[in-house]
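Summary of structural features
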Amino acid sequence: MNQAQENSPIQVLIAEDHAIVRDGISSLLATITDIDVIGEAANGLLAVAMFKRLQPDIVLMDLVMPEMDGIQAIEEIMTYDPDARILVLTSFATDDKVFPALKAGACG
């Protein structure tokens, strides 16, 4: 990472289908000076398209979304960019939700 990249804020894309949750996460992250929320997606298809267009440093990905679920979106993004960094947002802590997301390429 070069000097300019070290001083740049972390660019985050939030993929979450519930607007109130999306807004809350975005508002919380806005209080952190080294983080910029550069996009918000309400479904997996939009998350993939926005990832390709915006090239965020981090994606916060919900697993249960309409159009395309989070696991499918993770797979699509990882196919497009194997170095993508994706963190899963979920209220489901069960193995049947978390393990497939990690297997698809999520960092955590």
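Let us look at the structure shown here. (Residues numbered from 1 in each chain as written. Predicted model: local features only at pLDDT ≥ 70, side-chain atom pairs only at ≥ 80, totals over all residues. Heavy atoms only, no water.)

**Describing the pattern of salt bridges**
Heads up, the condition is: Think of a salt bridge as a Lys or Arg side-chain nitrogen and an Asp or Glu carboxyl oxygen that are within 4 Å of each other. Helix and strand definitions here come from DSSP, where helices need a minimum of 4 consecutive H or I residues and strands a minimum of 2 consecutive E residues; each element is numbered from the N-terminal end.
Taken as a whole, this structure holds one salt bridge when the rule is applied. Across the salt bridge formed by Arg 22 and Glu 40, the nearest N and O atoms sit 3.6 Å from each other. Of this pair, Arg 22 sits in helix α2 (residues 19-30) while Glu 40 sits in strand β2 (residues 35-41), and the two are 18 residues apart along the sequence.

**Some points on the nonpolar core**
Convention followed: Nonpolar cores are built from buried Ala, Val, Leu, Ile, Met, Phe, Trp, Tyr and Cys residues. Side-chain atoms within 4.5 Å join them into one set. Remark: exposure states derive from per-residue accessible area (1.4 Å probe, protein chains only) relative to the maximum for the residue type, with buried under 20%, exposed over 50%, and partly exposed in between. Between two residues, a contact is recorded if the distance between any of their heavy atoms is within 4.5 Å.
Counting residues in hydrophobic clusters, the biggest one holds 22 residues, and the most contacted among them are Met 61, Ile 74, Ile 77 and Ile 86. Those elements that place two or more of their residues in this core are β1 (10-15), α3 (44-54), β3 (58-62), α4 (70-80) and α5 (95-104). Broken down by element, this core gets its largest block of residues, five residues, from α4. Apart from the residues within four sequence positions on either side, Ile 77 is in contact with Ala 47, Val 48, Phe 51, Met 61, Ala 84 and Ile 86. By size, the runner-up hydrophobic cluster in this structure holds seven residues, among which are Ile 25, Ile 35, Ile 58 and Leu 60.

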